[in-house]
Amino acid sequence: MRSGWEQPEAFEEEDAHEPESREALEQQYRRALDAAAKQLSYRQLSVSALRKKLMEKGHAEDAAEYALAWLLERGLLNDAELAAAMVRSYARRGYGMFRIRQEMIHRGISRSDADTALEGHSAEPDQLTKLLHKRLRGDMSDRREVNKAVAALQRRGFGWDEIKKALSVYKERLADGEYEED
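Residues numbered from 1 in each chain as written. Predicted model: local features only at pLDDT ≥ 70, side-chain atom pairs only at ≥ 80, totals over all residues. Heavy atoms only, no water.

**Student:** Lay out the overall build of the chain in plain terms, naming residues and giving numbers.
**Tutor:** Summing up its helical and strand segments, the chain has nine helices and zero strands in all. Secondary structure elements of the chain occur, N-terminal to C-terminal, as α-α-α-α-α-α-α-α-α. Scored against the burial criterion, the 182 residues of the chain give a buried share of 34%. Taking contacts inside the chain between residues at least 6 apart in sequence as the whole, the part at least 24 apart equals 65%. About 12400 Å² of surface is accessible on the chain, with carbon and sulfur atoms providing 47% of the total. (Helix = DSSP H or I, 4+ residues; strand = E, 2+ residues; numbered from the N terminus. Buried < 20%, exposed > 50% of the residue type's maximum accessible area, 1.4 Å probe, protein only. Contact = heavy atoms within 4.5 Å. Areas by Shrake-Rupley, 256 points an atom, 1.4 Å probe, with all protein chains shown as cover.)

What follows is the structure, given as structure tokens:
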């Protein structure tokens, strides 16, 4: 008969593997963080887009969440800043508010962050008149061509009120001789 209580062998095996599993877990987290940093070195991503990329690369969900939390805590991942940068970039390239919002949501930015970034953004009338002139080349006599130009501006994400205002400015500039017919 044995004296005293002895730990069963199954528990001894688990204890023997505990440091390895902890090291393996830390290594998983480190790999996820490295992968996240690598993705962010290519281009700025939203939290949800980065989470999706990490999961697609085969990282465990808890490791991906750790990497995201680490980056968020240090300010290296910020959806609000990304949204503001996208507004500036897309507006500079001639896109309207609706298209910019659509692109932000497509890239995983929340509607609230998108709306906050778009507050106070309005299309520059000069930008719209330049786009109209590029399409119409100074000739507003063909109604079908005007309709095509309006449709093109709508596809770029501009609202009807902005387009209507730009059309009236464009007509005034044509009447003043600012644009010559090509």
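**Student:** Pulling in residues and values, what's your account of the side chain of Arg 107?
**Tutor:** Secondary-structure assignment places Arg 107 in the loop between α5 (97–106) and α6 (111–118). Buried within the structure, Arg 107 lacks any salt-bridge partner; Glu 103 is the closest side chain of opposite charge, at an N-O distance of 6.6 Å. Arg 107 has contacts with Arg 43, Gln 44, Ser 46, Ala 49, Leu 82 and Met 86, leaving out every residue within four places of it along the chain. (Lys, Arg positive; Asp, Glu negative; His and termini not counted. Salt bridge = Lys/Arg side-chain N within 4 Å of Asp/Glu carboxyl O.)

**Student:** Pulling in residues and values, what's your account of the packing of helix α2 (residues 47–56) against helix α3 (residues 61–73)?
**Tutor:** Between α2 and α3, the shortest axis-to-axis distance is 10 Å and the interhelical angle comes to 145 degrees. Every pair of crossing elements has a handedness; the one defined by α2 and α3 is right-handed. Residues Val 47, Leu 50, Arg 51, Leu 54 and Met 55 of α2 form the contact with α3, whose participating residues are Glu 61, Ala 64, Glu 65, Ala 67, Leu 68, Leu 71 and Leu 72. (Axes fitted to C-alpha atoms, helices over the stretch in contact; angles between N-to-C directions. Left-handed = near helix turned anticlockwise from the far one by under 90°.)

**Student:** Any chance you could break down the environment of Ser 112 for me, citing the residues and the numbers?
**Tutor:** Mapping Ser 112 onto the fold places it in helix α6. Ser 112 gets classed as partly exposed once you look at its relative accessible area, which sits at 47%. Sequence separation of Ser 112 and Ala 80 is 32 residues, and the distance between their C-alpha atoms is 9.3 Å.

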